Amino acid sequence: MRRPPTLKTIEVFASVQGEGLRQGEPTIFVRLAGCNLRCAFCDTKFAWGRGHVRTVGQIAAAVQAIWRDFPARWVCLTGGEPLAQDIGPLLRQLRKAGLAIQVETNGTFDPRPSADWYTVSPKPPAYAFRPGFRKKAREVKLIASRGLTAETVRAVRRAFPLSTPVILQPQSNAPWSMRKAQRLLEQALREGLWNIRVSVQLHKIYGLK
Ligand code: SF4
C-alpha cells in the first residue's frame, strides 16, 4: 500500500501576515522544518531542526480546524525553507479547500507551479536564487542586515522585472537596520532604481507570532 505523503513541520497557527505586500492580512501559517541555509540573523532558528513528521492530510486538517474560528483566505507556507521538501501534495490539498497559498522562500529551490504568491528573499553571502523565480516572484524581500550593500540591492533590483517590488526589511525591526534600509533606499533612488520600498515586521510590533 502506498504511504501517504508527509512533511516535517514545526507549527500551524493563525496570525496576520507581518511582512511584505500582504502585510496586515489575516493568514494561517504552516511552518515547515529545516533550512539549507544558516543566516546569522535568522529569527526562526527554532525551525532548523527536524520538526514533527505529519501526513499532508493531518496538516490540512489542522489548517481547516483553525479556519473554522479564523476564516482567513490565505495560508502561508513558511519555515525554515518550505521548498526544501515536496510541498506539492499539500499545495493541491489546500487549493482544493479553496484557500489561496503564499510561499515564503529563500529562492534556492525551484518554484512549484501551483502557489498563488511567491515571496522570494535571497540571502547572503551569495544572494542566489533559481531563475524560475524571475517571473514567479510577486515580491522580493531583502533583509537590511549588516552585510547588505547597495551593490546587492542594485543587482537584485536588476534581476527581477521592474513590476516586482523589492522590499528592504529591517532586521528584527532594529533601529540601526531601519536607518540602513532608508539609506539604501535613498541611494537606489539616486541611481534611478525604481520600485524599491522599506517596510517593518508588523507582527512583532503587534506582539504576534
Ligand atoms: S533562509 Fe530564512 S529560514 Fe533559512 S536560515 Fe536564512 S533566514 Fe533562516
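First things first, this report covers the structure right here in the doc. Keep in mind that what you see is a predicted model, and the values were worked out from it rather than measured. (Residues numbered from 1 in each chain as written. Predicted model: local features only at pLDDT ≥ 70, side-chain atom pairs only at ≥ 80, totals over all residues. Heavy atoms only, no water.)

## Looking at the overall build of the chain
So, point 1. Each helix and strand in the chain was counted, giving six helices and nine strands.
So, point 2. Against the globule reference of 17 Å for 209 residues, the chain gives a C-alpha radius of gyration of 17 Å, in line with a compact fold.
So, point 3. Principal axes of the C-alpha set define a box for the chain whose edges measure 60 × 35 × 30 Å.
So, point 4. Taking all 209 residues of the chain together, the buried fraction comes to 51%.
So, point 5. A separation of at least 24 residues holds for 64% of the contacts in the chain among residues at least 6 apart in sequence.
So, point 6. Summed over its atoms, the accessible surface of the chain is roughly 10,400 Å², and 54% of this surface lies on carbon and sulfur atoms.
So, point 7. Across the chain, the centroid of the 33 positively charged side chains sits 4 Å from that of the 14 negatively charged ones. (Helix = DSSP H or I, 4+ residues; strand = E, 2+ residues; numbered from the N terminus. Rg over C-alpha atoms; globule rule 2.2 N^0.38 Å. Buried < 20%, exposed > 50% of the residue type's maximum accessible area, 1.4 Å probe, protein only. Contact = heavy atoms within 4.5 Å. Areas by Shrake-Rupley, 256 points an atom, 1.4 Å probe, with all protein chains shown as cover. Lys, Arg positive; Asp, Glu negative; His and termini not counted. Charge placed at Lys NZ, Arg CZ, Asp CG, Glu CD.)

## Notes on the site of the ligand
So, point 1. For the ligand, the full set of nearby residues is Cys-35, Leu-37, Arg-38, Cys-39, Cys-42, Thr-44, Trp-48, Gly-80, Asn-106 and Lys-123.
So, point 2. Taken together, the residues of the shell around the ligand break down into five nonpolar, three polar and two charged. (Near = heavy atom within 4 Å. Nonpolar A, V, L, I, M, F, W, Y, C, P; charged D, E, K, R; others polar.)

## Regarding the packing of helix α1 (residues 56–69) against helix α2 (residues 88–96)
So, point 1. Where α1 contacts α2, the axes come no closer than 10 Å and their chain directions differ by 40°. Regarding the angle of α1 to α2, the classification is oblique. When you trace α1 past α2, the crossing you get is right-handed. For the pair α1 and α2, the contacting residues are Val-56, Gly-57, Ile-59, Ala-60 and Val-63 in the first and Pro-89, Leu-90, Gln-93 and Leu-94 in the second.
So, point 2. Here the contact of α1 with α2 is built from residues that sort into seven nonpolar, two polar and no charged. (Axes fitted to C-alpha atoms, helices over the stretch in contact; angles between N-to-C directions. Parallel < 35°, antiparallel > 145°, perpendicular 65-115°, else oblique. Left-handed = near helix turned anticlockwise from the far one by under 90°.)

## What to know about the environment of Ala-174
So, point 1. As for its position among the elements, Ala-174 is in the loop between β8 (166–170) and α5 (175–190).
So, point 2. Linking Ala-174 and Ala-144, residues 30 residues apart in sequence, is a C-alpha distance of 9.7 Å.

## Focus on the pattern of salt bridges
So, point 1. All chains considered together, the criterion is met by nine salt bridges.
So, point 2. Ionic pairing is found between Glu-19 and Lys-141, a salt bridge with its closest N-O pair at 2.5 Å. Of the two residues, Glu-19 is situated in the loop between β1 (6–16) and β2 (26–32) and Lys-141 in strand β7 (residues 137–144); the sequence distance between them amounts to 122 residues.
So, point 3. As a salt-bridge pair, Asp-110 and Arg-130 come within 3.4 Å of each other at their nearest N and O atoms. Taken together, the residues Asp-110 in the loop between β5 (100–105) and β6 (117–120) and Arg-130 in the loop between β6 and α3 (133–136) connect sequence positions 20 residues apart.
So, point 4. Its relative accessible area of 47% is what places Asp-110 among the partly exposed residues.
So, point 5. Arg-130 gets classed as partly exposed once you look at its relative accessible area, which sits at 34%.
So, point 6. Taken together, the shared-partner salt bridges in this structure form one network comprising Glu-11, Arg-31 and Lys-209. (Salt bridge = Lys/Arg side-chain N within 4 Å of Asp/Glu carboxyl O.)

## Section: the pairing of β7
So, point 1. With seven of eight residues buried, β7 is to be regarded as a mostly interior element.
So, point 2. With three bridges connecting them, β6 and β7 associate as parallel partners. Residue Tyr-118 lies in a different strand from β7, and its bridge partner there is Ala-137.
So, point 3. Here β7 pairs with β8 via five bridges, running parallel. Its bridge partner lying in β8, Val-140 is registered against Val-166.
So, point 4. As a crossover connection, the stretch from β7 through helix α4 (residues 150–159) into β8 is right-handed. (Pairing = 2+ DSSP bridges. Right-handed = clockwise from strand over helix to strand, strands pointing away.)

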